[in-house]
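A structural walkthrough
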Amino acid sequence: MKRLLRQALNLPRYGPVALDDPQRTVEVWLEGLGAPRDVTRNNVVAALRPFTVGIMFEKSVPPPRAEQESRLCFRDRTSQRLLGVLHLSPAGAIALPGHRFCLFEMKSCENYCVSRFQLRAYDLREQWRAEQRRRRNPHNFRMSHADIRCSHVFYICPRPVVLVTVEHGGSGNMFPMDLIGPTDSPWFSMALRLTSPAVELTQQSRRMALASVPFSYKDVAYRLGEHHRKASIDWNSLPFPLEPSPQFQLPVPQAALRTREVQVEEFHTVGSHMLFLTSVLSDTHRQPPGAKQLFHAFYGTRHSPEER
């Protein structure tokens, strides 16, 4: 009965998808701060509570003002249909050499991927699931319903999942992350929940290896999510073969499609997360024929506003 009901409702989904990297299905444009700016490779999550995104600007660009009506627009790359909108509120900036990393919290959002009925049904189901999780564990991390809806719009643009390796002083860990991303600058952004023991390990080490894994590693990557609660792991317990990264000699999966080695330049507390701003010191690719990378995305039957 549940399966038949899901098929009848045709609800959207948030979850894993298999894509080439970089993804070429969705474009992201920043509007309202001067001329529209293509930020498809320059919009990242800085915190989940409140839901905060970061966009890199040249230092010569004036910082955004509260009275400006800025927004992120998500469009299908082929048809240019509008798939979603995030309405932004400036929430500070981080000054960097030659650049300014601007933070934005969410005023509201619009999701045009699915019909109003489907989206409402999906939202009600997600609220019910969140309430069940809260009852089972009242101390578990929670986002507001408004932030969750905004995050779904953000993930209309697929986001890559990587396995992060960090070691320091005899301790080491490997865990999955998707709150990462390049910026229109030499800086690469990562955000870790403040409660994760990996925050201190990363601050001490100041260097990491980010392994992009094939979609076939989906189940393994999700199991490694438990490592976010651990200060260190036994490398021999990992269910796949490892190899050293090119420069730092950190253990990474042999099956990695891409390995970036990054150095932490700065870290800042942003809401519920520690934001790490890093520089990429090495970037190696290995692309077996037909191999697709693991991404996260919010997807469903896509409708433009005029079709709803």
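Summary of the structure given here. (Residues numbered from 1 in each chain as written. Predicted model: local features only at pLDDT ≥ 70, side-chain atom pairs only at ≥ 80, totals over all residues. Heavy atoms only, no water.)

**So, the sheet that holds strand S3 (residues 37–38)**
- Spatially, seven strands are ordered S3-S2-S6-S7-S8-S5-S4 in an open sheet, and the strand pairing comes out antiparallel. Where the open sheet ends on each side, the last strands, each with one partner, are S3 and strand S4 (44–48).
- Bridge count for strand S5 (residues 51–58) against strand S8 (residues 99–111) is seven bridges, and the pairing is antiparallel. By the bridge assignment for S8, Ile55 is matched with Cys102. (Pairing = 2+ DSSP bridges. Helix = DSSP H or I, 4+ residues; strand = E, 2+ residues; numbered from the N terminus.)

**Description of the packing of aromatic side chains**
- Per the counting criterion, the structure on display carries five aromatic pairs.
- With a centroid separation of 5.2 Å and 85° between ring planes, the pair formed by Tyr14 and Tyr155 is classed as edge-to-face. Taken together, the residues span a long stretch of sequence, with Tyr14 in strand S1 (residues 13–19) and Tyr155 in the loop between helix H3 (145–154) and strand S9 (159–160) at a distance of 141 residues.
- On the basis of relative accessible area, Tyr14 is assigned to the partly exposed category, the value being 38%.
- When the ring of Tyr217 is compared with that of Phe240, the centres are 5.4 Å apart and the planes differ by 40°; the resulting orientation is tilted. One end of the pair, Tyr217, is in the loop between strand S14 (207–212) and helix H5 (218–223); the other, Phe240, is in the loop between H5 and strand S15 (242–244), with 23 residues separating them in the sequence. (Phe/Tyr/Trp six-rings, centres within 6.5 Å; stacked < 30°, edge-to-face > 60°. Buried < 20%, exposed > 50% of the residue type's maximum accessible area, 1.4 Å probe, protein only.)

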